[in-house]
Amino acid sequence: MDSFTPPLLSDSLQMAMEVENEKSNPPCFSCIFDNQNGGRSFSGESYLASGSLKRVLLRLDPSPNDYEEDAIEMFGFQWVTETALVESCGLLFGLLRQQIYKLEDLIEMNSSDFGKAANLHSEAENIRRLCINFLHYVKVFIFRYLEPPKTENDGVLHPYEELEAQFPSLLVEELHSLTLHIGHLCELPSNVLAAFTIQHQAKIFPPSWHLLHLHLDIHWLVLEILHVLSEKMMRQVVYANHFINLTGENLTNISLFETHCENLISDLISLSIQKYTKVRPSEALTSHHYPCNCIKELWILLIQLLGFRNKGSQTECFWSLVNKKLKSIFERPTSSESVSVFGTTQCKDPLSFSLWIVTHLASLYQFDRNGNLEEKKQKESNWKFVEELLKNSIGAQTGVLEEHLRMHLQCCLTLCRFWDWNLSVITILWDYYSKNLNSCFTVPWLGLKGLASISKTSLSMLELVKSCCCEQQIPTLYKSSNSYLIFLSILARMMKEEAESSGVHPWKQIKGRIYSKFHRKRMQELTEVGLQNFFNLFLLLAIVAETEDIVSRVLDLLDFLTPSLVSPSQRALIWRGHFAFLLIYVEKNMDISVLAEKLSNAFRVKAKEFLVTKNDYTQKQNLWTLISTYIDGVQEVFETSCYLSLSEEKLLNDGFTMLLPACRGAELSMVLNFLQVVIARLRSVHKRVSQGLQPGNADSNAQLPLVAKEHHLAVASALWRNFFPYLKSQRMSQTPPSPQLADTAAGFALLALDIPSKALSDLQPQPVLSMMQLFGWDDMVWPHLVSRYLSHLIQNSALCEAFSTMGYTSYEALTVRSWFRCVLQMFIDQPSGTLAKTDAERTVGKAYMEQLTEMTRLIFKLKEVESILSKARVEEPVLKQDPKNALVQFIKAVGRTYSGLQTLPEKSAMVLKALEYLGDVLKYVKPYLKAKGPPEGLQLAYWIIGCLVKFWAPILATSKAQQLLFRIIDCLLLPHSVLQQDKELPGALLSAIQESLHLYLQGLSFICCQSQARGAYLNQLLGSIVQQYFGRFLPPSPTALGAGQHPMLTALCSSITVPQALRLRKTTLHVINEHYMQFKGSAPPPRLASVLAFILEVLQRTQASELCDVELVLPAVLKCMVLVNELQVKKISTVIVQYMVQGCQARSGGEHATQLTSVFRQFIQDYTAVYDHRVFSILETVAVLDQTLVTSLIPTLTQSLKDSEYKQGLGRNAAQREAYKRLLTHLSEAGQNEIQKLENEAG
């Protein structure tokens, strides 16, 4: 059967069970820790951890497993265990003193040699062990073998009994002698006391260390022995008769115990004074009062022993003895006696030292009899003595500095952890601080950390006070808090703990003492710092006590202030204080309406003053300080409130309607940011509360969601009423609005989605749609605002669902239209000149580009756009392009999608959708045209619309879109200014047209081919465009042609459809022939070489000769070869003729050959009579290329020759005939035959 241990054991029985079958060395003071210590605070050999103290207090055998043999060895001799002390008490104590002398002698032999040091350590340790064993034997002897005093005398006593009867008295004398022999701890030589500084991890210690710890053992064991003797003697007084007879002085076991306690406590305090001399005030709580862990243990032993004896009224309590000794420090030493108490140690700051050591000693009460730490409230406090110290600390005559005062209050705050609350301490401290509220409580040497600071926000003010109400790392408070804040921490801790422990709130006891210090005069004396301290106090009280009562009193006290004497900074601080109280209301879930109305009314007055103040900059700055304080405070209330159900709407009054129009720049930015936070918070809380109203979402407070919803409606109504009108008025401002305006408008749009019923009446019945029309789809709104606004909303699924529900199908198309406009107008705010941009303009431009890029990314995620891109097979990387290129890609995708449609209804619907995407696109670019700049804007506008004309040509060819095409041509390509030939076009405009003209020409040529109804008019428009711009972009000489490529050359030589290319080529060459190659008499047209070079470039790039080339260009080129002598013209013309002849030759037979022959026949007929030699020369060149062609012209040539001779009337022209024969020699047989005929005729 398993052994059974009862659940409850007495301490004595439990101790007896622990030591059974256990044998160990007697306990001693040891500061040597090893890894097997088990996390204990003291060594396993210590009096606490070994259970020695506990056994003594429980009246158990001090060493139950030791000294059980009949004989015992002490000091190298054998003694009878049961009689040795009675028979040889004096001798044994003499041997003890000899051993102490011997250990003292070893100190003189101390060596740095490791071998000798080890031997000295071993010898000293043995001596110390002999001494300790003896004293423990004394304790055991008394407990086991000393008979209690007999009440009756039975007659003659045995000699041993006589010795035994005298033994207690003799033992007291010997113990007294021993204490005199070892003297005071603090009087030990300095080389011995220096052993306190030896590292505890050492393995070998010098003799001084052993001697020092032996002294500690002796001091403590004397007290233990006297206590055990007293208990054994049944608390009868033991007189030292022999000592009394010799000296006449009274000596008893009781007096010896008390005297030795007092001396020991004095010694320990003296050691602490030496330690304190090296402690800074800022490190007081982290610096221990003991030089060694053994001293700490000795203090705990004294606390436990004196506490135990005090319960039996045997001696004074521990605190009484300590206080007595500490008080003596305050008295200047006037006698040798007072000097001997504390040796030569002088305490320079006894007040701080006393609080310091009392605090550290109080912490030792947490250790139990076994040396284990147990945190619990102590019933035994020392508040009375601390009260006296505090009175001295804050007394006017002492003038304690803040650096010491902080430490004093740190000590008090620490003591609050150990002791129950004390009203007197609060009263003493409050009396001081109530008189010094205007003080900054700074420590100069701490620098900025020590400066008093005024809280910048209500939240920081409240957080500061709340930090005083919660558990803090007290040692860090010295640098982070001033003494006043530490006082508040003491006040908060005492009030909270008393309320928790007793159930009765101490506020009623403190209330009168605090309120009585504030009256009209005192309130008017408060500086800004004083007001800060005033609010800190009452905020703390509002947190831990009756909030409404305290706030009401604060409002009454603030009414004592004279408004005209309150500075702007003080007024702002008062407002922050009010908001801090509001935050407390919110955290405690209390309605804020009364305080909120008071604040908002004051705000309304200041907002009106801000509006009407125009030129007084200082006044405006002071007002803004107050207003920004109010805005910050309201924002903190909204961010803190959990359900927005505490009348928060009272803070959003009509003062904002006066404030907003008066704000500029950073001021407006702050208000709009605040507004965004409030809207976002309202939407978030409303969503959460609405989910709580849904079935299945049970709430512990069923009425809360309903009440909260009512307040949400009130907040929303206040936002629409007091903020939105200004927002609406700014959407068409003269300058680009701030980004916050778009963000805030998007917030209102989402608010209209969540709480539609409270939107303004002019937005009803569909406020979401109205908001989109106002800020997202209106062509008059700044594109900066539109792009940012829509970027917030495009991907909002709830918004898309709302439009779907209301059956509004144009949502995505109108959003794409806005994107079109935003991209087209990206340079609308740039100056029209070509001046270098400032850094600010670059920043704005970069920010807008980033915004457009984000908008583009979101637009490409719309379902309609995704569908178009998918059908057009546009690759994913398009999404990562810049907005301009992305728009071009989208335009191409729409064009390809349209071209891929098969049925007429599909095409018709796509045309309508495409036009819906565009909107009034010319309206978007009109600002550029009107301002004739900036150059970037003009280039962008012409390029994008050029892409529309080219890639949407099939769409623009339809009857529904043709009107737009005509408007594009009229506005961009053929405006009135272009038709005025004498008027020079602006360089930026001409550059933009040159860059994109080929797009228009290609698109228009396609439309000309497709359109049946208005083909002639379209051809006319195309011809007009070519006529207007061909000459404008034609360089003065052929050498400059390649420098800036002619847009018509680009259009003609790009890859386009054959009909489209032919139409454009024919129109272009027709215009060139009609307007740029016509001679005035015999004078050639201007820039003829450049015109010919252009034609040659077309022929070379297209590698083909079309019928229109021969028909329209070749006659003019041949004419140039005949009439113009300029070498460059002749050279280019010759190459053109060569290309055309070879081109027609490549198309063997057919219409080209016929047309070519016709042109040359006409050429011969027109010019042979006058320019026969040049004609024949030209034909010689042609004959080299195409002999057949020239051969076919022989009849015409011969006839022209004869006609020429006939007209001249001079008969045969020999020279002309010789030239003709030279030509005929190049024509082989046909030529020879013709020569023969001519010769026959001549014969």
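Cut-offs applied
- Residues numbered from 1 in each chain as written.
- Predicted model: local features only at pLDDT ≥ 70, side-chain atom pairs only at ≥ 80, totals over all residues.
- Heavy atoms only, no water.
- Helix = DSSP H or I, 4+ residues; strand = E, 2+ residues; numbered from the N terminus.
- Buried < 20%, exposed > 50% of the residue type's maximum accessible area, 1.4 Å probe, protein only.
- Contact = heavy atoms within 4.5 Å.
- Areas by Shrake-Rupley, 256 points an atom, 1.4 Å probe, with all protein chains shown as cover.
- Lys, Arg positive; Asp, Glu negative; His and termini not counted.
- Charge placed at Lys NZ, Arg CZ, Asp CG, Glu CD.
- Pairing = 2+ DSSP bridges.
- Axes fitted to C-alpha atoms, helices over the stretch in contact; angles between N-to-C directions.
- Parallel < 35°, antiparallel > 145°, perpendicular 65-115°, else oblique.
- Left-handed = near helix turned anticlockwise from the far one by under 90°.
- Nonpolar A, V, L, I, M, F, W, Y, C, P; charged D, E, K, R; others polar.
- Domains from an automatic or database assignment.
- Disulfide = S-S within 2.5 Å.
- Core = buried A, V, L, I, M, F, W, Y, C linked by side-chain atoms within 4.5 Å.
- Expected span 1.5 Å × (residues − 1).
- Bend = angle between axes of the 7 residues up to and from the residue.

A. Examining the overall build of the chain more closely. Across its full length, the chain holds 57 helices and 2 strands. Seen through its principal axes, the chain has C-alpha atoms that stretch 205 × 80 × 70 Å. Per-residue burial over the chain gives 53% buried out of 1243 residues. For the chain, restricting intrachain contacts to residue pairs at least 6 apart in sequence, the fraction spanning at least 24 positions comes to 77%. Carbon and sulfur atoms provide 51% of the accessible area of the chain, an area that totals close to 55500 Å². Distance between charge centres in the chain, computed from 116 positive and 122 negative side chains, equals 14 Å.

B. Inspection of the pairing of strand S1 (residues 71–74) at higher detail. Residues of S1 alternate between two faces, with Ile-72 and Met-74 buried on one and Ala-71 and Glu-73 left unburied on the opposite face. With 4 bridges joining them, S1 and strand S2 (residues 77–80) adopt antiparallel strand pairing. Counterpart to Ile-72 in the pairing with S2 is Trp-79. Connecting S1 to the next strand, S2, in antiparallel fashion are 2 residues, including Phe-75 with a positive phi near 60°.

C. Representation of the packing of helix H49 (residues 1058–1076) against helix H50 (residues 1088–1102). Between H49 and H50, the shortest axis-to-axis distance is 11 Å and the interhelical angle comes to 160°. The angle between the axes of H49 and H50 places the two elements in the roughly antiparallel class. Considering the relative orientation of H49 and H50, their crossing is left-handed. On the side of H49, the interface is formed by Arg-1065, Thr-1068, Ile-1072 and Tyr-1076, while H50 contributes Val-1091, Phe-1094, Ile-1095, Val-1098, Leu-1099 and Thr-1102. Broken down by class, the residue content of the contact of H49 with H50 amounts to 7 nonpolar, 2 polar and 1 charged.

D. How the structure looks around the domain arrangement of the chain. Splitting the chain by domain gives domain 1 (52–147 + 159–331 + 344–372 + 381–386), domain 2 (1034–1125) and domain 3 (1148–1242). A C-alpha centroid distance of 124 Å is found between domain 1 and domain 2.

E. Structural view of the state of the cysteines. The final tally for this structure, using the stated rule, is 0 disulfides. Of the cysteine sulfurs around Cys-131, a residue in no disulfide, the closest is that of Cys-28, at 12 Å. Residue class for Cys-131 comes out buried when judged on its relative accessible area of 0%. Of all cysteine sulfurs in the structure, the one in Cys-1008 sits closest to Cys-1009, which takes part in no disulfide; the separation is 6.8 Å.

F. The arrangement of the nonpolar core in detail. In this structure, Phe-538, Tyr-789 and Phe-1160 are the most contacted members of the largest nonpolar core, which totals 433 residues. A total of 14 residues in this core trace back to one element, the largest contributor, which is helix H8 (residues 207–232). Leaving out residues up to four positions away in the same chain, Phe-1160 has contacts with Leu-1114, Leu-1118, Val-1137, Val-1141, Leu-1179, Val-1182, Leu-1189 and Leu-1193.

G. Representation of helix H51 (residues 1107–1123) in the model. With 17 residues, H51 should cover 24 Å at 1.5 Å per step; its first-to-last C-alpha distance of 24 Å lies within 8% of that length. Where H51 bends most, at Val-1113, the angle is about 45°, and the proline Pro-1115 comes one to four residues later. Across the 17 residues that make up H51, a large majority, 14, are buried.

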